[in-house]
2 protein chains.
Amino acid sequence: MATIYDVSVLAGVSLATVSRVINKNGNVSEKTTKKVMEAMDSLGYRPNAIAQSLASNRSNSIGILIPELCGPFFGNLMAGAEKRLRDANKHVIITAGHSNEESEKAGIEFLLSRNCDALILHLDALSDDYLEALCEKGIPLVIINRYIKPLHDRCIYLDNKTGGYLATKELLDLGHRKIAYIAGPHWKEDAKARFEGHTQAPRETGIKLENELVYMGDFKQESGTEGLKTLLNSNHQFTALVCANDEMASGAMAYAREQGMQLPEELSIIGFDNIVYSSYLFPALTTINYPVEEMAKMAAALILKEVYQVKGLKISNEFYPTLIRRHSVLPEKG
Amino acid sequence: MATIYDVSVLAGVSLATVSRVINKNGNVSEKTTKKVMEAMDSLGYRPNAIAQSLASNRSNSIGILIPELCGPFFGNLMAGAEKRLRDANKHVIITAGHSNEESEKAGIEFLLSRNCDALILHLDALSDDYLEALCEKGIPLVIINRYIKPLHDRCIYLDNKTGGYLATKELLDLGHRKIAYIAGPHWKEDAKARFEGHTQAPRETGIKLENELVYMGDFKQESGTEGLKTLLNSNHQFTALVCANDEMASGAMAYAREQGMQLPEELSIIGFDNIVYSSYLFPALTTINYPVEEMAKMAAALILKEVYQVKGLKISNEFYPTLIRRHSVLPEKG
DNA sequence: TTGTAGGCGTTATCAG
DNA sequence: CTGATAACGCCTACAA
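Parameters and conventions
Every chain's residues receive numbers from 1 upward, in the order its sequence appears when written. Here the convention is simple: chains get letters from A, ligands get numbers from 1, in the order in which they are written. Local features are withheld for residues below a pLDDT of 70 in this predicted model, meaning they are given only at 70 or higher, and side-chain atom pairs are given and counted only at 80 or more; totals for whole chains, interfaces and linings count all residues. Side-chain descriptors were evaluated using all non-hydrogen atoms of the structure, hydrogens and water having been removed beforehand. Within this document, salt bridges are pairs made up of a side-chain nitrogen of Lys or Arg and a carboxyl oxygen of Asp or Glu, the two lying within 4 Å of each other. Counting from the N terminus, the helices are DSSP H or I runs at least four residues long and the strands are E runs at least two residues long. When a residue's accessible area, from a 1.4 Å probe over protein chains only, is under 20% of the maximum for its type it is buried; when over 50% it is exposed; and in between it is partly exposed. Whether two residues touch is decided by their heavy atoms; if any such pair falls within 4.5 Å, the residues are in contact. Here's the idea: put two parts together, see how much 1.4 Å probe accessible area each one loses, and the total over both is what we call buried area. Here a polar contact is recorded for every N or O atom pair within 3.5 Å, except that within protein the pair must consist of a potential hydrogen donor and a potential acceptor, and residues adjacent in sequence are included only if both atoms are side-chain atoms. Amino acids are sorted into nonpolar (Ala, Val, Leu, Ile, Met, Phe, Trp, Tyr, Cys and Pro), charged (Asp, Glu, Lys and Arg) and polar (every other residue, Gly among them). Any two strands with at least two DSSP bridges between them are considered paired. Interaxial angles span 0 to 180 degrees and are taken between N-to-C directions of axes, which are lines fitted to C-alpha atoms, for helices over the stretch in contact. Working definition: residue near molecule or strand if any one of its non-hydrogen atoms lies within 4 Å of it.

Identification of chain A as LacI family DNA-binding transcriptional regulator from Pseudoalteromonas xiamenensis is taken from an unreviewed UniProt entry.

This is the structure:
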């Protein structure tokens, strides 16, 4: 691989001059620039980003840490951030945190060791304290889907509680009184908030929901299946089911079908996230929209603004869930 | 951030010695090792991967280029490779090629400029020639889902043609004679091969399929919807539909539902890929299994073997599709 | 406008 | 077993 040195020799100029034309800083005469350019592509020269990064302490790359690399939710998160950043000529380095503390820590270390200029983090396990410490070290970071008070301007988050509220409220408004719930793991903040919203809705209007009608899932499809199975076997009647995310909802729907239930006639189901294929389920899933791609773009914008001093960017930290009505919910006919 | 120099001072040894204990090469006395270790964690020292990479010309990171960061297929591809590599203490750097030549080239350049030790590529647009040239430059790479003869031992590919054959064969065996097809874009090799398999099946048994019953999609859900709509309006009857991937199949199913069709009674549908949610569709989708995660792991293994000299790894380059029977296909009752 | 030289944090090759 | 010291490829004052 040709180096900047080879270029300088071939162009008959100094290292410094070549560096200047690469970075388009400093003043270089048109003639010299041309010479250098020609030398560069006659050699097929490509700057070594590693060396640039070491010398300049800038890598033009942003680290992204997410729990898993697959799945529709995180897919959109990655895609949103990558798109926005690519447009600004920055690159992303992505790694998985696998929802456990050690792994999340290792992921952050890895990203930092790669000289990332900033981090976008979707964490499940790491403590607020750790993140605050990170911030204090001067590491620019943006936290997605989590609200940490002292770091509020570095958080891009959704009002999960309101989302949970909206879902259950919709069912209540349609006359449902026996509503089951398949939850996400309560040690995840978003799952907890969604559940709180779920309990708030009936409380407001003096309605009581049965505690037995709650199943603890893990946000994966299988646990939706498992959840509905358990609920159905519990001898508690219910006419509607709220799932803490769409994946569990689709798992539950598949199980309902398997049991020969008519949907939505025999059971109204509502999800959360509005992942891409929720509208392709049958019946199309009524759900709560989680604008994750927008949020990821916003995270990217925040970094562009703070770290790279891009002007004219408006930042909003809080995003709001909305109800998407489709065909998986029917009024209670009782 | 503490450097190796700080550590050496605090431990009262030389740079070289510290480097030795970091890399566990060279012989260092137990006593010295201990001193250095203590100095390292009292300083919270973490090696700067960038500097290591520059000095050693090894980055322990593997570049992955895929068309899109989201979507179930590529999600599994990433996840498979990342898992296998992480187990071997290597890291991945992921970037998107967006299915166009320029972008794919830029992606590769980016990965190379980050000093990746090897590349895993899923390309759509880049020519064989370009890849061969890359190989000749001595850049270790693995190509997924594409067969390039001169590079055959660096390719991990699926027999897409057989897959296409299996799908249509299944329908023929069940008595279907009017079979529509929603294709992927023919400039993508896999799409082309699948279609060839589709046409081979009837030819074998002297059956003729109508050419009009083919719609050109783009592998996205919407084009499945659009495709079925077009097909239905074409005034050509058909009792079964083959889709070149599951996403288009789900789009088609949603449209069929919308039109009030009974599935699978009024139309048998078969997909390709066996993406994670195909079993959650209703009816659960009969499809062709594409072991993408396995293949990605194999790609990783190939790199571990060739680049990092890991012993005892068995490599297979070709993978085979299998028919997954679920509930979206019924025998033709004509 | 251009060139010189020191430095970024490591690794690796020598001697000792 | 340990320590100097020259790379690695580039950036960036500072000089000229």
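To continue, consider the pattern of salt bridges. Under the defined criterion, the tally for this structure stands at 20 salt bridges over all chains. Residue Arg146 of chain A pairs with Glu189 of chain A through a salt bridge whose shortest N-O separation is 4.0 Å. On the criterion of sequence distance, the pair formed by Arg146 of chain A in the loop between β4 (141-144) and β5 (155-158) and Glu189 of chain A in helix α9 (residues 189-204) is long-range, its members being 43 residues apart. The exposure class of Arg146 of chain A is buried, given its relative accessible area of 7%. The salt bridge partner of Glu170 of chain B is Arg325 of chain B, with a shortest N-O separation of 2.8 Å.

Taken residue by residue, the interface counts 44 residues in chain B and 44 residues in chain A. Buried surface at the junction of chain B and chain A, both sides included, amounts to about 4,000 Å², of which 61% is carbon and sulfur. The largest per-residue losses of area from chain B upon contact with chain A belong to Ile50, Arg114 and Tyr280 of chain B, which jointly make up 19% of the total buried on that side. The tally of links between chain B and chain A comes to 2 salt bridges. Put simply, chain B and chain A have 12 residue pairs in polar contact (both at pLDDT 80 or more) between them. If you list the elements that add at least two residues to the side of chain B that touches chain A, you get α4 (49-56), α5 (72-87), β2 (91-96), α6 (101-113), α10 (221-232) and α11 (246-258) of chain B. In terms of residue class, the side of chain B that touches chain A is built from 21 nonpolar, 16 polar and 7 charged.

All names here are of chain B. Taken in spatial order, the 6 strands make up an open sheet running β2-β1-β3-β4-β5-β11, and their pairing is parallel. With one partner strand each, in any of the chains shown, β2 and β11 (318-319) form the two edges of the open sheet. Bridge analysis of strand β5 (residues 155-158) against β11 gives 2 bridges, and the strand direction is parallel. Counted as the bridge partner of Leu158 is Phe319 from β11. Against the sheet, α5 contacts β1 (61-66), β2, β3 (118-121) and β4 (141-144), and its axis sits at roughly 170° relative to β1.

What follows concerns the protein's contact with DNA strand C. Contacts to DNA strand C come from 25 residues, most closely from Arg20, Asn27 and Thr32 of chain A together with Ile4 and Ser19 of chain B. Residue Ile4 of chain B places a main-chain N or O atom 2.6 Å away from a phosphate oxygen belonging to DNA strand C. Every element with two or more residues in the surface near DNA strand C is listed here: α2 (15-23) and α4 (49-56) of chain A together with α2 (15-23) and α4 of chain B.

Comment: phi is negative for the bulk of residues other than glycine, and the bulk of peptide bonds are trans. Residue Pro264 of chain A follows Leu263 of chain A across a cis peptide bond; omega there is 0°. Within the fold, Pro264 of chain A resides in the loop between α11 (246-258) and β9 (268-270). Going from Phe282 of chain A to Pro283 of chain A, the amide bond is cis rather than trans, its omega being -5°. Position of Pro283 of chain A among the secondary structure elements: in the loop between β9 and β10 (287-289). Phi at Asn235 of chain A takes a positive value of approximately 65°, unusual for a residue other than glycine. Position of Asn235 of chain A among the secondary structure elements: in the loop between α10 (221-232) and β8 (240-243). Looking at Asn235 of chain A, the relative accessible area reads 71%, which means it is exposed. Positive phi, normally seen in glycine, also occurs at Asn145 of chain B, with a value near 65°. Residue position: Asn145 of chain B is located in the loop between β4 and β5.

Neighbouring DNA strand D are 25 residues; Ile4 and Tyr45 of chain A together with Thr17, Arg20 and Thr32 of chain B lie closest to it. Taking all atoms of DNA strand D within 4 Å of the protein, the share assigned to sugar and phosphate is 68%. Within the backbone of Ala55 of chain B, a nitrogen or oxygen atom sits 3.3 Å from a base oxygen of DNA strand D. If you list the elements that add at least two residues to the surface near DNA strand D, you get α2 and α4 of chain A together with α2 and α4 of chain B.

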